[in-house]
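# Residue-level structure breakdown
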Amino acid sequence: QKEVEQNSGPLSVPEGAIASLNCTYSDRVSQSFFWYRQYSGKSPELIMSIYSNGDKEDGRFTAQLNKASQYVSLLIRDSQPSDSATYLCAVRIGNTPLVFGKGTRLSVIA
Amino acid sequence: GAGVSQTPSNKVTEKGKYVELRCDPISGHTALYWYRQSLGQGPEFLIYFQGTGAADDSGLPNDRFFAVRPEGSVSTLKIQRTERGDSAVYLCASSLKVAGGISGANVLTFGAGSRLTVL
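Here's a quick rundown of the structure. Note that the coordinates shown come from a computational prediction; the quantities given were computed from them, not determined experimentally. (Residues numbered from 1 in each chain as written. Chains lettered and ligands numbered in written order. Predicted model: local features only at pLDDT ≥ 70, side-chain atom pairs only at ≥ 80, totals over all residues. Heavy atoms only, no water.)

This paragraph deals with the overall build of chain A. Looking only at helices and strands, chain A has 0 helices and 11 strands in total. Each helix and strand of chain A, ordered N terminal to C terminal, gives the series β-β-β-β-β-β-β-β-β-β-β. Computed over its C-alpha atoms, the radius of gyration of chain A comes to 13 Å, within 12% of the 13 Å expected for a compact globule of 110 residues. Each of the three principal axes of chain A carries a C-alpha extent, and together these read 40 × 30 × 20 Å. (Helix = DSSP H or I, 4+ residues; strand = E, 2+ residues; numbered from the N terminus. Rg over C-alpha atoms; globule rule 2.2 N^0.38 Å.)

Let us look at the interface of chain A and chain B. The interface of chain A with chain B comprises 18 residues on the first partner and 24 residues on the second. For the pairing of chain A and chain B, the buried interface totals around 1600 Å² over both sides, and the portion due to carbon and sulfur atoms is 57%. Run the count over chain A and chain B and you get 0 salt bridges. There are 4 residue pairs in polar contact (both at pLDDT 80 or more) connecting chain A and chain B. Among the secondary structure elements, those contributing two or more residues to the side of chain A that touches chain B are β4 (32-38) and β9 (85-92) of chain A. Ranked by residues supplied to the side of chain A that touches chain B, first place goes to β4(A) with 4 residues. The class makeup of the residues in the side of chain A that touches chain B is 9 nonpolar, 7 polar and 2 charged. (Contact = heavy atoms within 4.5 Å. Buried area = accessible area lost by both parts, 1.4 Å probe. Salt bridge = Lys/Arg side-chain N within 4 Å of Asp/Glu carboxyl O. Polar contact = N/O pair within 3.5 Å; in protein donor to acceptor, adjacent residues only side chain to side chain. Nonpolar A, V, L, I, M, F, W, Y, C, P; charged D, E, K, R; others polar.)

Residue and element names in this part refer to chain B. Inspection of the secondary structure assignment puts R69 in the loop between β7 (65-68) and β8 (75-79). There is no salt bridge for the buried R69, and the closest opposite charge comes from D24, which lies 7.9 Å off by N-O distance. Engagement of the side chain of R69 in a polar contact is seen with the backbone oxygen of S73, the distance being 2.8 Å. Not counting the four nearest positions on each side in its chain, R69 is found in contact with P25, H29, T30, A31, L32, F49, Q50, G51, T52, V74 and S75. (Buried < 20%, exposed > 50% of the residue type's maximum accessible area, 1.4 Å probe, protein only. Lys, Arg positive; Asp, Glu negative; His and termini not counted.)

Adjacent strands of a sheet pair through backbone hydrogen bonds, lying either parallel or antiparallel. All names here are of chain B. The 4 strands lie next to each other as β1-β3-β8-β7, forming an open sheet whose pairing is antiparallel. The sheet is open, and its two borders are formed by β1 (5-7) and β7, each paired with just one other strand. The average angle at which neighbouring strand axes cross in this sheet is 15°, direction not considered. In the sheet, strand β3 (residues 19-24) pairs with β8 via 5 bridges, with the strands oriented antiparallel. Across the sheet, C23 pairs through a bridge with S75, a residue of β8. (Pairing = 2+ DSSP bridges. Axes fitted to C-alpha atoms, helices over the stretch in contact; angles between N-to-C directions.)

Right, let's get into unusual backbone geometry. A:G9 connects to A:P10 through a cis peptide bond whose omega is 10°. Following B:T7, the chain continues to B:P8 via a peptide bond in cis, the omega torsion being -10°. Following the sequence through the fold, B:P8 ends up in the loop between β1 and β2 (10-13). In the Ramachandran plot, A:Q70 falls in the positive-phi region, its phi being about 55° despite a non-glycine side chain.

Considering all chains together, one arrives at 6 salt bridges over all chains under this definition. Linking A:R60 and A:D83 is a salt bridge whose minimum nitrogen-to-oxygen distance equals 2.9 Å. Taken together, the residues A:R60 in the loop between β6 (54-58) and β7 (61-66) and A:D83 in the loop between β8 (71-76) and β9 connect sequence positions 23 residues apart. Assessed through its relative accessible area of 28%, A:R60 is described here as partly exposed. Classification of A:D83 by relative accessible area gives buried; the value is 1%. Measuring nitrogen to oxygen at the nearest pair gives 3.5 Å for the salt bridge that ties B:R64 to B:E83. On the criterion of sequence distance, the pair formed by B:R64 in the loop between β6 (53-56) and β7 and B:E83 in the loop between β8 and β9 (88-95) is long-range, its members being 19 residues apart. Owing to a relative accessible area of 6%, B:R64 belongs among the buried residues under this scheme.

Interpretation note: all reported values are geometric properties and have no functional meaning in isolation.
As structure tokens, this is what we get:
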């Protein structure tokens, strides 16, 4: 059974702070890792993808992958109220469909 | 089209009725996925197509659920004898190709979803 675990939150951070979102996965052969953002009542939209161990930065977002610990995280620097959403972690093994976690609800307080 | 289009956006039906949900993927995307999302949960995989054939239907919960993609583009998810537990948002996504290795071509783009309510 492939599992992707996330803390459901809510995670509350003040505006301008760093938000840290975490995700663990059960299958060691997982190859591709994705973070999606989902605003309330909207569909998921891709923020970051990461495939190799280490950090990947894109603007205010940094994805971190540690395959040995089966752990992937998303850091959001200088958090803004507009970042308030649910963040979904998704994992893929080879050709299998994406497996999603339940998501972490982030609230950025102005 | 420019994005993944799903219709209807909302569907309210009575228990026991038949429902069809339609998905029009991004032009040129060969892979099409159906997911279901209940309140407070992440998307749950149902089925995906590579071209016209269902490559993996292991997520369909039971034989009341069926999906087709006869010409390799538009797909229809069909639910027979609906039950209250079928109420959810049904999300369709497409990608340029089926995931294999690491490539931007396997990134999923989602439609806005079809919200199904079974009374």
